[in-house]
Amino acid sequence: MTLTAPETPAGPRQARPEPAAPPRRPGPVRRTWQKVSPYAYVAPFFTLFAAFGLFPLIYTAFVSLYRVELQTPGDMEWRGLGNYTALFGDAYFWTSLRNTFTIGVLSTVPQLVMALGLAHLLNYRMRGRTFLRTAVLLPYATSVAAATLVFAQLFGRDFGLINYALGLVGVDPVDWQNGTAASQIAVSTVVVWRWTGYNALIYLAGMQSIPDELYEAAAMDGASRWRQFFHVTLPGLRPTILFTVIVSTIGATQLFGEPLLLEGSISGGISHQYQTLGLYMYEQGWGFFHLGRAAAIAWVMFLLIVVLVGLNALVARRRSRKEAGR
């Protein structure tokens, strides 16, 4: 007798999955949009840049080759490079160029050094650091007109608070608006006050991007905080420092509001002692109505900015190559 295992009922047969349909190819309109859409997204920026940046730049170069007066802007007389030669022969142009360089150095160097130290302090863990980070940005948010008018009162010769404080320590009153060095220091002080906090926050953002492992390794090697600052923080901030130097150089070359409002004169003082290139351009265009010469000054300022920015980039590149070759 043979025993056989009972047959198990067969389960329901599973249907075989149907093969997936091939992906549908996008139509010609969709394919065209996929190719054009990146350009469509960036088109508004380039359109505005061409309308308000590139066209005025080219048109200013065109106007600088003509004699154009503000009263009769439609009457244009060809001068070629005559506006530029007259410009370089004007002693006040060289005075304004020298003042721009001096005020730029007096405002940029202390500003960036103070911003670097302030950012280093704000980078520590301390109470109320969020409030302090917000507070250092308040001068930048203040109107340049309001800030300059307040500083003009502070630097007053007879009743200014600065001269009052100097008198307490036995220093004679300083004529901050008529002295050459004193007026340039006063203008530079306003610039330093407005932009130090702004640059400090930029440096703070750069410091927070430096890996903590570098500081821990330096501390394990016995490096003090000063050594960590010079050998870890500063090398890590080199691109940020280069950026702030370039932006501050551009701002110093275009300085206009602070010297204009310090005394309210477009000539930059009695003897043009703190007249910058921006004030000189405004004086030629809206004071003497020489739009052609004002356009030539604008292009000289533009070329000067290009040269200064190029020199800064060249120095930074050579230094990075030298350090990479060590």
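The structure presented is a predicted model; accordingly, all values stated were derived computationally and were not measured.

Explain the side chain of Q111 to me, using residue names and the numbers behind them.
Its place among the elements puts Q111 in helix α3 (residues 91-122). Separated by 3.2 Å, the side chain of Q111 and the backbone oxygen of S107 make a polar contact. Reaching out from Q111, the side chain makes a polar contact with the side chain of N199 at a distance of 2.5 Å. Other than its neighbours up to four places away in sequence, Q111 contacts V191, V192, W195, T196, N199 and S248.

Explain the packing of helix α6 (residues 144-154) against helix α8 (residues 180-208) to me, using residue names and the numbers behind them.
Packing of α6 against α8 leaves a shortest axis separation of 10 Å and a crossing angle of 135°. Our classification of the angle between α6 and α8 gives oblique. As for how α6 packs across α8, the hand of that crossing is right-handed. Across the interface between the two elements, V144, A147, T148 and F151 of α6 pack against T189, V190, W193 and R194 of α8.

Give a description of the nonpolar core that names residues and reports values.
By size, the foremost hydrophobic cluster in this structure holds 13 residues, and its most contacted members are V187 and L262. Mapped onto this core, the elements with two or more residues apiece are α6 and α8. Here the element with the most residues in this core is α8; it accounts for 5 residues. Residue contacts for L262: discarding those within four places in its chain leaves T148, A152, Q177, S183, A186, V187 and Y274. Formed by 12 residues, the second largest nonpolar core is a distinct cluster that contains L112, L116, M207 and F229.

Tell me about the side chain of T108, residues and numbers included.
Along the chain, T108 falls in helix α3. Note on T108: relative accessible area 12%, which makes it buried. Reaching out from T108, the side chain makes a polar contact with the backbone oxygen of G104 at a distance of 2.7 Å. Once residues within four sequence positions are removed from consideration, T108 is found in contact with S248 and A252.

Summarise unusual backbone geometry; cite the residues concerned and give the values.
Its identity is not glycine, yet H272 carries a phi of approximately 60°, on the positive side. Counting through the fold element by element, H272 comes out in the loop between α12 (257-263) and α13 (277-287). When its relative accessible area of 9% is taken as the criterion, H272 is described as buried. In this structure, F289 takes a positive phi of about 65° despite not being glycine. With respect to the secondary-structure elements, F289 resides in the loop between α13 and α14 (291-324). Taking relative accessible area as the criterion, F289 reaches 31% and is therefore assigned partly exposed.

Any details on a positive patch on the surface? Residues and values, ideally.
Positive charge collects at one region of the surface, where R317, R318, R321 and K322 lie side by side. With respect to the helices and strands, R321 occurs in helix α14. On the basis of relative accessible area, R321 is assigned to the exposed category, the value being 59%.

Calculation criteria
- Residues numbered from 1 in each chain as written.
- Predicted model: local features only at pLDDT ≥ 70, side-chain atom pairs only at ≥ 80, totals over all residues.
- Heavy atoms only, no water.
- Helix = DSSP H or I, 4+ residues; strand = E, 2+ residues; numbered from the N terminus.
- Polar contact = N/O pair within 3.5 Å; in protein donor to acceptor, adjacent residues only side chain to side chain.
- Contact = heavy atoms within 4.5 Å.
- Axes fitted to C-alpha atoms, helices over the stretch in contact; angles between N-to-C directions.
- Parallel < 35°, antiparallel > 145°, perpendicular 65-115°, else oblique.
- Left-handed = near helix turned anticlockwise from the far one by under 90°.
- Core = buried A, V, L, I, M, F, W, Y, C linked by side-chain atoms within 4.5 Å.
- Buried < 20%, exposed > 50% of the residue type's maximum accessible area, 1.4 Å probe, protein only.
- Patch = residues over 30% accessible without salt bridge, like charges linked within 9 Å, V, L, I, M, F, W, Y side chains within 5 Å.
- Areas by Shrake-Rupley, 256 points an atom, 1.4 Å probe, with all protein chains shown as cover.
- Salt bridge = Lys/Arg side-chain N within 4 Å of Asp/Glu carboxyl O.
- Lys, Arg positive; Asp, Glu negative; His and termini not counted.
- Charge placed at Lys NZ, Arg CZ, Asp CG, Glu CD.

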